[in-house]
Structures are given as C-alpha cells and as structure tokens.
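Secondary and tertiary structure notes
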Amino acid sequence: MAIEVRIPTILRTYTGGEKAVQGSGDTLTALLDDLDSRHSGLRGRLITDEGNLHRFVNVYVNDEDVRFLGGLDTKLADGDSVTVLPAVAGGAR
Amino acid sequence: MLELPQAMVDQVIAHARRDHPDECCGVIAGSAGTATRLFEMTNAERSPTGFVFDSAEWLRVYRDIDDADEDLLVVYHSHTMTEAYPSRTDMRWSVNTPGTSWLLVSTRSQDREVRSYRIEDGVVTEEELRVT
C-alpha cells in the first residue's frame, strides 16, 4: 500500500529536503506513525501532545481537508494522496 | 525592504476596505524577490478581529504558486480597529511562513495605512515598503 505525502517547504527538514515521500497505513494516524519511523519528528509537528491534529497545519486527503473528513481517523486507500500545508491565520485579537 | 507595484498596494487597500468591518487576507507570490501575482483569499473566520485562510482555497493557491516555481513573498491582512502593526496572534502564526513579509493594512480610518514587517523568532522588524 503506497500513499504519496506532499510536504511543505517548512517541514522538509524532516524529509531530507524531499517535496514528497511515500508511506503506508489504513488511517491517517497509521500513516503518520509509519512516516515518523523514517522521518523522525515529523509526526510531532502535525499532532499535539494530546493526540489531536495541530491547528497550525492543514492536512488534506485527495484535496479534502481532513477536518471535514474523519480527522486523524480518516481512512486511507492505496493510491490516495495526502498533502500537508502550514495553516495561515492571524488577526488583531 | 519590500518592493511592490502601486497597483498591488492599491488592490490590497481596496480589498481591506471592501471586507471592512471584517479583516481581509491574501498573499502575493514572487520570483527572485519580485512580486508577480496577488491572490485575494477568503477569510474563513469572517471576523473583525481575526483571519484564517479558507483551507480548500489555500491548497489551490499554494499549489498554483508551487507549480509555477514562485515563492510566497507576502502574507497580507487588515486590522479594522487598531494600527497596522503585528499582534501577538500574528507573531504566533508567522512562524508558519518563514522568510515572508507580513503586510498589514489598517481600515480604522480613511487614511492609507499600510506597513510591512519581518517577524523572526518572535521579533518584529518593520521593513521599508517601496512602491514602484
């Protein structure tokens, strides 16, 4: 089972500069565990200590934001594409 | 120093005034430090005191910029009641966009108030905004 994961510039320090890496797993959680075994530290940038998706990142499965799918429990299938982006926010408050 | 064409600065100010009393937000892409394209983004929060890029729109814009081998040169947004200076929230979020100028517009009055900053390691440094 191969899933392509596109990594944003800001996280490429964890992938040796690679724009995209391959991973496997039947859920997003399993995929991130798998990736972390080869790209140590990546998981910690995406998931909080409490085990939730970090609000500083957007994760998409086949271009759908996983916050509108099943979050970290989102099911994955062979050939799916995962994209990670830094979220952009701010404001006066 | 951030150099922007007059038309882009005018567009940012017009966007801020159009979205007032909510904050507006957007990005400017560039190539070798030269501004090339401006993308007005949807503020998913639709708030007078905050902004969040709409996630689906951000994916399309990010990919467009990346595919064109351009860089994210500027993140811009407006403050509607306060000065055009980065807030603590801005400082916290700016770690996600290293090397990018944060352009702020204030719509608290009819005056044109637009300023540019670099935010690195929690330190805000204003940079010259040169309009060409």
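Calculation notes
Residues numbered from 1 in each chain as written. Chains lettered and ligands numbered in written order. Predicted model: local features only at pLDDT ≥ 70, side-chain atom pairs only at ≥ 80, totals over all residues. Pairing = 2+ DSSP bridges. Helix = DSSP H or I, 4+ residues; strand = E, 2+ residues; numbered from the N terminus. Axes fitted to C-alpha atoms, helices over the stretch in contact; angles between N-to-C directions. Contact = placed C-beta atoms within 7 Å. Core = buried A, V, L, I, M, F, W, Y, C linked by C-beta atoms within 7 Å. Buried ≥ 20, exposed ≤ 12 C-beta atoms within 10 Å, placed from the backbone.

**Re the pairing of strand 3 (residues 34-41) of chain B**
All names here are of chain B. Two elements, strand 2 (residues 25-31) and strand 3, share seven bridges in a ladder whose sense is antiparallel. Bridge pairing in strand 3 places Gly26 opposite Glu40. Once strand 2 ends, the chain turns through two residues before running back antiparallel as strand 3, passing Ala32 with a positive phi of about 50°.

**A few points about the sheet that holds strand 8 (residues 123-127) of chain B**
All names here are of chain B. Taken in spatial order, the six strands make up an open sheet running 3-2-5-6-7-8, and their pairing is mixed. Edge positions in the sheet fall to strand 3 and strand 8, since each of these pairs with one other strand and no more. Within the sheet, the average angular offset between the axes of one strand and its neighbour, ignoring direction, is 30°. Note that strand 2 and strand 5 (residues 71-79) share six bridges and pair antiparallel. Note on strand 5: the bridge partner recorded for Ile28 is Val74. Its contacts with the sheet put helix 2 (residues 55-67) on strand 2, strand 3 and strand 5, and the angle it makes with strand 3 is roughly 165°.

**Concerning unusual backbone geometry**
Residues and elements named next belong to chain B. For the bond running from His20 to Pro21, omega is 15°, close enough to zero to count as cis. The backbone of Asp69 sits at a positive phi, close to 55°, despite the residue not being glycine. With respect to the element layout, Asp69 can be found in the loop between helix 2 and strand 5. With phi around 50°, Asp121 is a residue other than glycine that occupies positive phi space. Note on placement: Asp121 falls in the loop between strand 7 (113-120) and strand 8.

**Some points on the nonpolar core**
Ranked by size, the top nonpolar core spans 37 residues in total, and within it Val27, Ile28, Val74 and Tyr76 of chain B carry the most contacts. With five residues, the top contributor of residues to this core is strand 5 of chain B. Beyond its immediate stretch of four places on either side in the chain, Val27 of chain B contacts Phe39, Met41, Val61, Leu72, Val74 and Val75 of chain B. Judged by nonpolar contacts, the second largest core, of 15 residues, contains Ile3, Leu32, Leu76 and Val82 of chain A.

**Remarks on the interface of chain B and chain A**
Contact with chain B, which involves 24 residues of that partner, is made by 16 residues of chain A. Mapped onto the side of chain B that touches chain A, the elements with two or more residues apiece are strand 4 (51-52), helix 2, strand 5 and helix 3 (88-93) of chain B. Residue contributions to the side of chain B that touches chain A peak at five residues, all from helix 2 of chain B. Sheet topology places strand 6 (residues 89-90) of chain A next to strand 4 of chain B; two bridges connect them, and they run antiparallel. For Ala89 of chain A, the partnering residue across the bridge sits in strand 4 of chain B and is Val52 of chain B.

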